[in-house]
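Chain residues, written in single-letter form:
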Amino acid sequence: MLIERLRVVALTLFGATCGPSSPPRTNVPPPVTTPDAGASIARVYAPVETRIENPERGFYRFVELTRETDLGWVRQGGDRIVFSYVRLDAFRASAISPAALAALERGLDTVRAAGLKIVLRFAYNDGPYPDSEPDAPLDRVLGHIRQVAPVLRAHADVILLVQAGFIGAWGEWHSSTHGLDTPSSKEAVLRALLDALPPDRMTQVRYPEDRRRIISDMLDEASAFTGALTARVGHHNDCFLASDTDEGTWPEGETARWQSVIADDGRFTPIGGESCRVNAPRSSCPTAAAELARMHYSFINRDWHPDVVRGWRDGGCLDVIERGLGYRFTLERAELPAAVRAGGAFRVRLTVRNAGWAAMFNPRPLRFVMIYGDTHTAMDFTRIDPRRWAPGASVTFEETFTLPANARGEVGLALWLPDAAARLQARPEYSVQLANEGLWDASRGWNIFATLSARE
């Protein structure tokens, strides 16, 4: 009975499967041509239900950033995100040392070398005893944020987000020994941290009430992704499913209301976290998969709590969760000309579905690549923001492109979603793979979906 329920959950969240899938191929699909050069062709694409390791979503692994020298094991295990505290215990009464700042830079370089992104949180202790493990006074915290700002900006390409830490036990914004768990101190820290980050990077707060106390504005389609304060603050739940209130994450008696608020924000801001203890049946498969989907989770801890994650594996929903976290784009349909003349203009109309539980929250370009001979041309789809591709919805967009005058024979067509950072765009592991069979070119990070005949 449990297996059948899980099958129904999976079908509801992801749609019916299309039968067994084969490994992705890197060959260009057959030409979509007919003898009539003026005709157009519509092609339909089937999704796959296999796990796809894409950047900026999925399970994350816990690491100690300033001590790591090689993070290749994370990608070898199939994950693309790491989480690390940056401990500032030694600097509660002083500035951060140059050596510590250098260690932070080396750690971020290690993340980049491994092809990963990182979630960071700065903290002055490892909790849970704030009387013996203090945090720091507000002026010291703000000084430390100013010190790390240049490092964060220089390495923003590999920073998925920075959680709003610094205050209290574990940097979770409670139990502050210096009285920082007040609305005014929390707002000062939050604003300083967002000022330290580039405008296109977000943060997360631990408690929903803090977000609403500091930022009363409601987030909607118009204000999302504008760089405004209200558009840059998500939520991390570090006791997911651990009790009826997730160990105080949701105010007593108001769980449903606050979950609705955060789920609404989660359409445009990052939602993530971890579980902290087994709390069956709430922490078991049916509830876990449903709440991760409803709250629009982009990432969650694979390492904690191990018994909860093990329960998902034994309960048969781990694969469902691995597929569902974050975005999952599938190409559904393409409308193309049957053939086009070299140097001529042609229209491309595409439909893409986001079958994941969340949207992207960091910027990412969408490019159209024309491949001919040993060369290629890449052009942006204008006015298209993949962050707007809502979970569970399909979007159709079109653009007119010009085939290069020197193109001859078959011309491959590809969708390319590289990282927004210039120094990562040539690295295919930072590009997005569509959940379709046979489109992915792993050597270049392209999704090659058709070919045209180029005529003189």
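Residues numbered from 1 in each chain as written. Predicted model: local features only at pLDDT ≥ 70, side-chain atom pairs only at ≥ 80, totals over all residues. Heavy atoms only, no water.

Draft legend 1. Spatial organisation of the side chain of Glu429. Locating Glu429 in the fold gives a position in the loop between β16 (409–416) and β17 (440–441). Separated by 2.7 Å, the side chains of Glu429 and Arg427 make a polar contact. (Helix = DSSP H or I, 4+ residues; strand = E, 2+ residues; numbered from the N terminus. Polar contact = N/O pair within 3.5 Å; in protein donor to acceptor, adjacent residues only side chain to side chain.)

Draft legend 2. Expanded view of unusual backbone geometry. The peptide bond linking Ala280 to Pro281 adopts the cis configuration, its omega dihedral lying at 5°. Turning to its location among the elements, Pro281 is positioned in the loop between β8 (271–273) and α8 (285–294). In this structure, His305 follows Trp304 across a cis peptide bond, with omega equal to 0°. With phi around 75°, Phe166 is a residue other than glycine that occupies positive phi space.

Draft legend 3. Structural context of the nonpolar core. Leu108, Leu120, Phe122, Phe166 and Leu190 are the most contacted members of the largest nonpolar core, which has 47 residues in total. For this core, the secondary structure elements donating two or more residues are β3 (81–87), α3 (98–113), β4 (117–123), α4 (138–154), β5 (159–162) and α5 (183–196). The leading source of residues in this core is α4, at 6 residues. Grouped together as the second largest cluster of nonpolar side chains are 33 residues, Tyr327, Leu331, Phe346 and Leu350 included. (Core = buried A, V, L, I, M, F, W, Y, C linked by side-chain atoms within 4.5 Å. Buried < 20%, exposed > 50% of the residue type's maximum accessible area, 1.4 Å probe, protein only.)

Draft legend 4. Local environment of the state of the cysteines. On inspection of all chains with the given rule, the structure shows 2 disulfides. Two residues share a disulfide in this structure: Cys239 and Cys276, whose sulfurs sit 2.1 Å from each other. Classification of the bridge connecting Cys239 and Cys276 rests on its S-S torsion, roughly 115°, and on that basis the disulfide is right-handed. Here Cys276 lies in the loop between β8 and α8 and Cys239 lies in the loop between β7 (233–237) and α7 (255–265), a separation of 37 residues in the sequence. Residue Cys239 is classed as buried on the basis of its relative accessible area of 13%. The disulfide that involves Cys285 links it to Cys317, with 2.1 Å between the sulfurs. Handedness of the Cys285-Cys317 disulfide follows from its S-S torsion of about -85°: it is left-handed. One end of the pair, Cys285, is in helix α8; the other, Cys317, is in the loop between α9 (306–315) and α10 (318–324), with 32 residues separating them in the sequence. Judged on exposure class, the residue Cys285 and its partner Cys317 are both buried. In the protein chain, the bonded cysteines, taken in the order they occur along the sequence, pair up as 1-2, 3-4. (Disulfide = S-S within 2.5 Å.)

Draft legend 5. Just the side chain of Arg201, in detail. Position of Arg201 among the secondary structure elements: in the loop between α5 and β6 (203–205). Residue Arg201 is classed as buried on the basis of its relative accessible area, which comes to 7%. Of the polar contacts made by the side chain of Arg201, one reaches the backbone oxygen of Ile159; its length is 2.7 Å. For Arg201, the residues in contact, after removing those within four places along its chain, are Lys117, Ala156, Asp157, Ile159, Leu160, Leu194, Arg232, Asn362 and Pro363. (Contact = heavy atoms within 4.5 Å.)

Draft legend 6. Quick peek at α4. When the terminal C-alpha atoms of α4 are compared, their 25 Å separation across 17 residues agrees well with the 24 Å that a helix rising 1.5 Å per residue should span. Among all positions in α4, only Val141, Gly143, His144, Ile145, Val148, Ala149, Val151 and Leu152 are buried. (Expected span 1.5 Å × (residues − 1).)

Draft legend 7. The arrangement of the pattern of salt bridges in detail. Scanning the entire structure with this criterion turns up 43 salt bridges. For Asp303, the salt bridge is made with Arg61, and the minimal N-O distance between the two is 2.9 Å. Separated by 242 residues along the polypeptide, Asp303 in the loop between β9 (299–301) and α9 and Arg61 in strand β2 (residues 58–62) bring together distant segments of the chain. Among the salt bridges present, the one from Asp210 reaches Lys186, with a minimum N-O distance of 3.0 Å. A residue pair is termed long-range when its members are at least 10 positions apart, and Asp210 in helix α6 (residues 208–214) and Lys186 in helix α5 qualify at 24 residues. One salt-bridge network, held together by shared partners, links Arg333, Glu335, Arg347, Arg349 and Glu398. (Salt bridge = Lys/Arg side-chain N within 4 Å of Asp/Glu carboxyl O.)

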